[in-house]
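# Coordinates in review
As a plain string of letters, each chain reads:
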Amino acid sequence: MDDDCREILASMRTYLDGECPDDLEEVVVRHLGDCPPCMDRAEFERELRAIVKSKCKDAAPPGLLDRVIGTIQP
């Protein structure tokens, strides 16, 4: 993995959320078109998001958010 791939992967969440500035989106789209491994990663992330979205239609159980935050904070 080269530095370009690292930069693209660091921007992947913003890109997939549709929150990239236009200039960054162009860079990401161009890179994904030229880099099959990064494109595979983007497709995996898209599919994962779709699965999670389809399975998580109900509200989270009480206390789940607090448990998750407690797990990821040092």
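Residues numbered from 1 in each chain as written. Predicted model: local features only at pLDDT ≥ 70, side-chain atom pairs only at ≥ 80, totals over all residues. Heavy atoms only, no water.

## Description of a negative patch on the surface
Applied cut-off: What makes a patch is a set of residues exposed beyond 30% relative accessible area and free of salt bridges, joined within 9 Å when like-charged and within 5 Å when nonpolar (Val, Leu, Ile, Met, Phe, Trp, Tyr). Methods summary: accessible areas were calculated by the Shrake-Rupley approach with a probe of 1.4 Å, and residue burial reflects only the protein chains presented. Only one rule defines a salt bridge in this text: a Lys or Arg side-chain nitrogen within 4 Å of an Asp or Glu carboxyl oxygen. Positive residues here are Lys and Arg, negative ones are Asp and Glu, while His and the chain termini are left out of the count. We put the charge of a Lys on NZ, of an Arg on CZ, of an Asp on CG and of a Glu on CD. Note on conventions: DSSP H or I runs of at least 4 residues are helices, E runs of at least 2 residues are strands, and numbering of each starts at the N terminus. When accessible area is computed with a 1.4 Å probe and restricted to protein chains, residues below 20% of their type maximum are described as buried, those above 50% as exposed, and intermediate ones as partly exposed.
A cluster of like negative charges, contributed by Asp22, Asp23, Glu25 and Glu26, occupies part of the molecular surface. Its location among the elements puts Glu26 in helix α2 (residues 22-34). For Glu26, a relative accessible area of 51% corresponds to the exposed category.

## Re the confidence of the model for the protein
Any region with low pLDDT has predicted coordinates that should not be read closely. The criterion, for reference: Note on scores: pLDDT gives the predictor's confidence for each residue, bounded by 0 and 100.
Overall, the prediction assigns the protein a mean pLDDT of 88, with 99% of residues at 70 or greater. Looking over the protein, one finds the lowest element-wise mean pLDDT in helix α4 (residues 64-72), namely 85, and the highest in α2, namely 94.

## Observations concerning the pattern of salt bridges
As enumerated under the stated definition, the model contains four salt bridges in all. The partner of Glu43 in a salt bridge is Arg46, with the nearest N and O atoms 2.6 Å apart. With Glu43 and Arg46 both in helix α3 (residues 36-55) and three residues apart, the pair spans about one turn of that helix. Of the residues examined, Arg46 reaches a relative accessible area of 31% and is grouped as partly exposed.

## Re the nonpolar core
The nonpolar side chains of a soluble globular protein tend to be buried, and buried together. To be explicit about the condition: Among buried residues, those of type Ala, Val, Leu, Ile, Met, Phe, Trp, Tyr and Cys that are joined through side-chain atoms within 4.5 Å constitute a nonpolar core. We call two residues contacting when some pair of their heavy atoms lies within 4.5 Å.
Residues Cys5, Ile8, Met12, Tyr15, Leu16, Cys20, Val28, Leu32, Cys35, Cys38 and Ala42 constitute the largest nonpolar core, which totals 11 residues. Taken together, the elements giving at least two residues each to this core come down to α1 (3-16), α2 and α3. Ranked by the residues each element gives to this core, the list is headed by α1, at five residues. Apart from the residues within four sequence positions on either side, Val28 is in contact with Ile8, Ser11 and Tyr15.

## With respect to the environment of Pro36
Secondary-structure assignment places Pro36 in helix α3. The sequence separation of Pro36 and Asp17 amounts to 19 residues, and the corresponding C-alpha distance is 21 Å.

## Digging into the packing of α1 against α2
Heads up, the condition is: Lines fitted to C-alpha atoms define the axes, with helix axes restricted to the stretch in contact, and inter-axis angles between N-to-C directions lie between 0 and 180 degrees. In what follows, roughly perpendicular refers to angles from 65 to 115 degrees, roughly parallel to angles under 35, roughly antiparallel to angles over 145, and oblique to any angle outside these ranges. A crossing counts as left-handed when the near helix is turned anticlockwise from the far one by less than a right angle, and as right-handed when that turn is clockwise. Residue type decides the class: Asp, Glu, Lys and Arg count as charged, Ala, Val, Leu, Ile, Met, Phe, Trp, Tyr, Cys and Pro as nonpolar, and the leftover types, Gly among them, as polar.
Their axes nearest at 10 Å, the elements α1 and α2 cross at an angle of 120°. As summarised for this structure, α1 and α2 are arranged oblique, according to the angle between their axes. Where α1 crosses over α2, the handedness of that crossing is left-handed. Here Asp4, Cys5, Ile8, Ser11, Met12 and Tyr15 of α1 come into contact with α2, specifically with Leu24, Glu25, Val27, Val28, Val29, His31 and Leu32. For the contact of α1 with α2, the per-class residue count stands at nine nonpolar, two polar and two charged.

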